[in-house]
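Given next are the chains, with one letter for each unit.
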Amino acid sequence: MIFGPSLLQTAGRMLTAPIFITGGLSAVKDPAGKAAMAESTLDSIREYVPGLPDDNELLVRINGGVQILAGATLLLGIKPRLSALALAGSLIPTTLAGHSFWEMEGGDAKAHQTQFSKNLAALGGLLLIAGDSDNAKAIEKAAKKAAKKAEKRALKQA
């Protein structure tokens, strides 16, 4: 097989990352519009997360920073599963705050419904990346680590 899973996974990961990097840069550079759009969502989140800062622009910038960092590490293949999970975590509030089409009317609603759907597709891709691993290697590594610990314990007890 010319294009094995590894090459396709690498390409998929690299093609997924840039949208988060550019979106994160936009949020960090100019958070005002996004913060205004996110206000009602952030107020709702604050009911469940009491320590959340009141500064919506700061929260938008933090979310943007997460997207830049996790997008860059995803692009470079550094901890891709963790990077994808961080991006998924940042995408959920972004999607709810920025594309709540069910609260809109007219053309705006349709445009935001499309963006909402695109974000759901991106979330699905991130979850595929996060869930993808060479489980055999991970299990083998964990088993070797456990065996070494058990061997050390046995030597101490002997």
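On a predicted model such as this, the values are computed, not experimentally measured, just so you know.

Visitor: A description of unusual backbone geometry should follow, citing residues and the corresponding values.
Guide: Positive phi is not limited to glycine here, since K79 has a value of about 45 degrees. With respect to the element layout, K79 can be found in the loop between α3 (56–76) and α4 (80–98). Classification of K79 as exposed rests on a relative accessible area of 61%.

Visitor: Which residues make up the nonpolar core, and what values do they have?
Guide: A17, F20, A70, L74, A84, L87, A88, L91, L123, L126, I129 and A130 form the largest nonpolar core, which has 12 residues in total. Only α1 (5–29), α3, α4 and α5 (106–131) provide two or more residues apiece to this core.

Visitor: Talk me through the confidence of the model for the protein; I want residue IDs and the actual numbers.
Guide: Caution applies to low-pLDDT regions: their predicted coordinates should not be interpreted in detail. Chain-level statistics for the protein give a pLDDT mean of 86 and a share of 92% at 70 or above. By mean pLDDT, helix α6 (residues 135–157) is the weakest element of the protein at 76, and α3 is the strongest at 96.

Visitor: Hey, could you go over helix α2 (residues 32–48) for me, with residue numbers and the actual values?
Guide: Counted at 1.5 Å a residue, the expected span for α2 with its 17 residues is 24 Å, and the 24 Å between its end C-alpha atoms agrees. Turning to α2, its buried residues number three or more, namely A35, A38, T41, L42 and R46.

Visitor: Describe in detail the pattern of salt bridges, supporting the description with residues and values.
Guide: With the rule as written, the count across this model stands at 2 salt bridges. As a salt-bridge pair, D43 and R46 come within 3.1 Å of each other at their nearest N and O atoms. Residue D43 and its partner R46 are located together in helix α2, separated by 3 residues, close to a single helical turn. Owing to a relative accessible area of 39%, D43 belongs among the partly exposed residues under this scheme. One network of salt bridges, with partners in common, ties together D43, R46 and D54.

Criteria and cut-off values
Residues numbered from 1 in each chain as written. Predicted model: local features only at pLDDT ≥ 70, side-chain atom pairs only at ≥ 80, totals over all residues. Heavy atoms only, no water. Helix = DSSP H or I, 4+ residues; strand = E, 2+ residues; numbered from the N terminus. Buried < 20%, exposed > 50% of the residue type's maximum accessible area, 1.4 Å probe, protein only. Core = buried A, V, L, I, M, F, W, Y, C linked by side-chain atoms within 4.5 Å. pLDDT = per-residue confidence, 0-100. Expected span 1.5 Å × (residues − 1). Salt bridge = Lys/Arg side-chain N within 4 Å of Asp/Glu carboxyl O.

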